[in-house]
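# A structural walkthrough
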Amino acid sequence: MSAPNSADLVVILGTGGTIAGTAEEATDNVGYRAAQLGVAQLLQAIPPLGARRLETEQVAQLDSKDMDFATWRQLAGRVAAHLARPEVAGIVITHGTDTLEETAYFLQRVLAPTKPVVLTAAMRPATALQTDGPQNLLDAVNVASDAAASGVLVVFAGVVHSAEQVRKVHSYRVDAFASVDGARLAVVEEGMIRWLAAPGSRPAGMGLTLLDRPLGQWPRVHIVMNYVGADAAVVDALLSQGVDGLVLAGTGNGSLSQGLESALRAAQSQGVAVLRSTRCDAGPVTESAEALPSAGALSPVKARVELLLKLLAA
Ligand SMILES: NC(=O)CC[C@H](N)C(=O)O
């Protein structure tokens, strides 16, 4: 437990998602439209936030399945601009759950902020009987103004996760996120934050200027999966379209069929960057001299962000 920062302003950046979604019926948890309510409207459902020093800004209004590089760049720029203000304790970003972990990892690797940047979301629309957005948003504001919080975090269903460890693990349940290997950082109980672990050492941010490249020239990085009967077909199709990087979502310890391996090695020899991850829910891919380069413990989608940024920096 820790005291609030002297800088006490929390800026809430809205990007859409189910947390801003509405349905015709309160009993409809799935047939709703995401990204309908503005971020300022979301606060009206949370009376305790009336006493807090908050600012809101609508950065985007989309279903996070359609998150894109243009919005990422805009969001990173707005986060950096607000973090530079001395009165800002931290930032909250409302987001859809579907790609939340990718945005979180992207912001952590680009900005590696010292102040907290807290992503939150909801599994039920704002109109649902059991809407989870207001509690998640209140918890996120509390974490964003906590002196012990730092870096990019995800607050969801009363748990604080790091950008590196968090994954969406359920398609429907309200408790939809988990940290790999149970590495959650804290729990939020009645507004009190109980820290359980530190995020560990985090590398310096790669920097906003990395994102200056015109969007049409951002690297094309795709994910290919190993599975029974996987062969060269997908890699060959991507090579014929033009591709800059390929992430393998391998089986087990990043293993792959002989056909897929030959195709990826051929791609590599044509200058395509390759990174090997696992489709398993947890665990690293071990590095070995003869194997394709390992993404460590990164999930395939986070390995893709890593490779994208590495290629932007090249
Ligand atoms: N629960 C959610 O937020 C998922 C809704 C939507 N597909 C999104 O990611 O924005």
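Small disclaimer: the values here were computed from a predicted structure and weren't measured. (Residues numbered from 1 in each chain as written. Predicted model: local features only at pLDDT ≥ 70, side-chain atom pairs only at ≥ 80, totals over all residues. Heavy atoms only, no water.)

Mapped onto the present numbering, the UniProt feature "active site" (unreviewed entry) falls on Thr18 and Thr97. Spatial clustering of the annotated residues is evident: they stretch over 80 residues in sequence, but the largest pairwise C-alpha distance comes to 7.6 Å. Mapped onto the fold, threonine 18 is located in the loop between β1 (9-16) and α1 (39-43). Owing to a relative accessible area of 8%, threonine 18 belongs among the buried residues under this scheme. If we ignore the near neighbours within four places in the chain, the residues touching threonine 18 are Tyr32, Ala34, Gly96, Ala122, Met123, Arg124, Pro125 and Ala126. Inspection of the secondary structure puts threonine 97 in the loop between β3 (88-94) and α3 (100-111). Classification of threonine 97 as buried rests on a relative accessible area of 5%. Residues within four places of threonine 97 in sequence aside, it is in contact with Ser64, Ala121, Ala122, Met123, Phe156, Lys168 and Phe177. (UniProt positions renumbered as here; feature names shortened; annotations may be inferred. Helix = DSSP H or I, 4+ residues; strand = E, 2+ residues; numbered from the N terminus. Buried < 20%, exposed > 50% of the residue type's maximum accessible area, 1.4 Å probe, protein only. Contact = heavy atoms within 4.5 Å.)

Now for the pattern of salt bridges. Counted under the stated rule, the structure contains eleven salt bridges. The partner of aspartate 66 in a salt bridge is lysine 65, with the nearest N and O atoms 3.0 Å apart. On the accessibility criterion, aspartate 66 (42% relative accessible area) is partly exposed. Where glutamate 164 meets arginine 202, a salt bridge forms, and the shortest distance between an N and an O atom there is 2.7 Å. (Salt bridge = Lys/Arg side-chain N within 4 Å of Asp/Glu carboxyl O.)

Tracing the chain through its elements places glycine 77 in helix α2 (residues 69-83). Each C-alpha atom, one on glycine 77 and one on leucine 208, is 7.1 Å from the other, the two residues being 131 residues apart in sequence.

If you walk across this open sheet you meet the three strands as β11-β12-β13, and the pairing is parallel. Two strands close off the open sheet at either side, each with one partner strand: β11 (221-225) and β13 (273-278). Across this sheet, the average inter-strand angle for adjacent strands is 25 degrees, counted without regard to direction. In this fold helix α5 (residues 233-241) packs onto β11 and β12 (245-250), with an angle of close to 165 degrees to the strand it touches most, β11. Seen against the sheet, helix α7 (residues 300-313) touches β11, β12 and β13 and runs at an angle of roughly 160 degrees to β12. (Pairing = 2+ DSSP bridges. Axes fitted to C-alpha atoms, helices over the stretch in contact; angles between N-to-C directions.)

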